[in-house]
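# Structural characterization, general
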Amino acid sequence: MKITVLYGGPSAEREVSLVSGRAVIDGLKRAEHDVFPSDISPDDLSGLDRPCDIVFPVLHGAFGESGELQEILEARGLPFVGSGSRASRLGMDKVAMKQAWQNAGLPTPPWKVISADEEVAIPSIPGSVVVKPIDSGSSIDVFVCKAPAECEAPQARSAISTVVAHHGRALVEKYIKGPELTVGLLEERALDPIRIIAKSEFFDYEAKYKSNSTEHRFDTGLPEDVVQRCRELAEQANAVAGARDLARIDILLDESDNLQPYLLEINTLPGFTPRSLLPEAAAHAGIDFVQLVDRLARCAYDRAVEARRTRRAG
């Protein structure tokens, strides 16, 4: 196939996207596809003018992952890998996603939203809290404020002020203490969960992309019924989001409540770096990197073929 790979982009996660994009480009070439790479931005869409069979977006954060790019591809009638614009917008907005999960009866930690025009104060969430942006990924500008000292001290207000200043709004979420799992999804089916064990306080940008001390364990050390519940919960959460082809769901288990799982967020365009979790989970299932990117490309192509067949039949 002729495949245009979109990577780079304008967001704070550009560095990660460049690494992911180069890996996908190499994998698709090794699968013997004709690959055209394009470092795309809202001001330069020229890469979309080249004829191709499918587009493979490998962008993270604003524009590339948040629905804008997907809307452009849909408007041009270009088939592409990954979720459509609606699911992308929903997945990028942590508050909208949490509300959708809550409406569907799925567990997610209690939260409050602080906007720029509101007085910076500690929301009425008991215990420790996590302060983070509503529409940014890779754990950029995320702060853990432990109770009681930090929540009663200037640090928490400072964290909220920082996030509001950089992003306009801050999500203040109850901190769940316990094991962290991430569940990759391939063609809407959950792969084996990975337990994240970071040496830092939480799974931040450094731990995700730069630290060699972060452990990814398929042997989670957790009861099998808990692990199975997380697989099922991830598939349910993915279905509520409407994500397709690939995704990753982050889950925390409350050690004070019999390992009750809580949904944190969904990533509708997971990374493809050497330390990225979806390719690792796929490899654990016997799908190597070249097979993974080839499979995703063929999913998009087959969907486009079926859509054309349906239109002709109608």
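Each remark here, short or long, concerns the structure printed above.
Residues numbered from 1 in each chain as written. Predicted model: local features only at pLDDT ≥ 70, side-chain atom pairs only at ≥ 80, totals over all residues. Heavy atoms only, no water.

Further remarks concern the environment of Asp219. Checked against the element boundaries, Asp219 lands in the loop between β11 (215-217) and α7 (224-241). Placed 26 residues apart in sequence, Asp219 and Pro193 show a C-alpha to C-alpha distance of 9.0 Å. (Helix = DSSP H or I, 4+ residues; strand = E, 2+ residues; numbered from the N terminus.)

A word on the pattern of salt bridges. Pairing between side chains becomes possible if they bear opposite charge and their charged atoms approach one another. Within this structure, the stated rule accounts for 16 salt bridges. The partner of Arg30 in a salt bridge is Asp26, and the shortest N-O contact between them spans 3.6 Å. Residue Arg30 and its partner Asp26 are both found in helix α1 (residues 14-30); the two are separated by 4 residues, about one turn of the helix. Put simply, Arg303 and Asp245 hold a salt bridge, and the shortest N to O gap is 2.8 Å. Linking Arg303 in helix α9 (residues 289-313) with Asp245 in the loop between α7 and β12 (246-254), this pair joins segments that are 58 residues apart in sequence. Residue classification places Arg303 among the partly exposed residues on the basis of a relative accessible area of 27%. (Salt bridge = Lys/Arg side-chain N within 4 Å of Asp/Glu carboxyl O. Buried < 20%, exposed > 50% of the residue type's maximum accessible area, 1.4 Å probe, protein only.)

Where burial is concerned, most of strand β13 (residues 260-267) is hidden: 6 out of the 8 residues are buried. Here β12 runs beside β13; their pairing, made up of 7 bridges, is antiparallel. Its bridge partner lying in β13, Leu252 is registered against Tyr262. (Pairing = 2+ DSSP bridges.)

Across its 18 residues, α7 extends 26 Å between first and last C-alpha, which sits within 8% of the 26 Å expected from 1.5 Å per residue. Taken together, the buried positions of α7 are occupied by Val226, Val227, Cys230, Arg231, Leu233, Ala234, Ala237, Asn238 and Ala241. Packing partners of the buried residues in α7 comprise α3 (85-92), α4 (94-103), β8 (180-186), β9 (189-190), β12 and β13. Once α7 finishes, Gly242 follows within two positions and takes phi at roughly 80 degrees, a positive value. (Expected span 1.5 Å × (residues − 1). Contact = heavy atoms within 4.5 Å.)

On to the packing of α1 against α9. In helix packing, the relevant descriptors are the interaxial angle and the interaxial distance, both defined with respect to the helix axes. Contact pair α1 / α9: the axes reach a minimum separation of 8 Å and the direction vectors enclose 85 degrees. Compared by their axis directions, α1 and α9 come out roughly perpendicular. Judged by residue contacts, Ala23, Val24, Gly27, Leu28 and Arg30 of α1 engage Phe289, Val290, Val293, Asp294 and Ala297 from α9. Across the contact of α1 with α9, the residue classes break down as 7 nonpolar, 1 polar and 2 charged. (Axes fitted to C-alpha atoms, helices over the stretch in contact; angles between N-to-C directions. Parallel < 35°, antiparallel > 145°, perpendicular 65-115°, else oblique. Nonpolar A, V, L, I, M, F, W, Y, C, P; charged D, E, K, R; others polar.)

This brings us to unusual backbone geometry. With a phi close to 75 degrees, Phe63 is a non-glycine residue in the positive phi region. Topologically, Phe63 is positioned in the loop between β3 (54-58) and α2 (68-76). Unlike most non-glycine residues, Leu259 shows phi in positive territory, near 60 degrees. Mapped onto the elements of the fold, Leu259 is located in the loop between β12 and β13.

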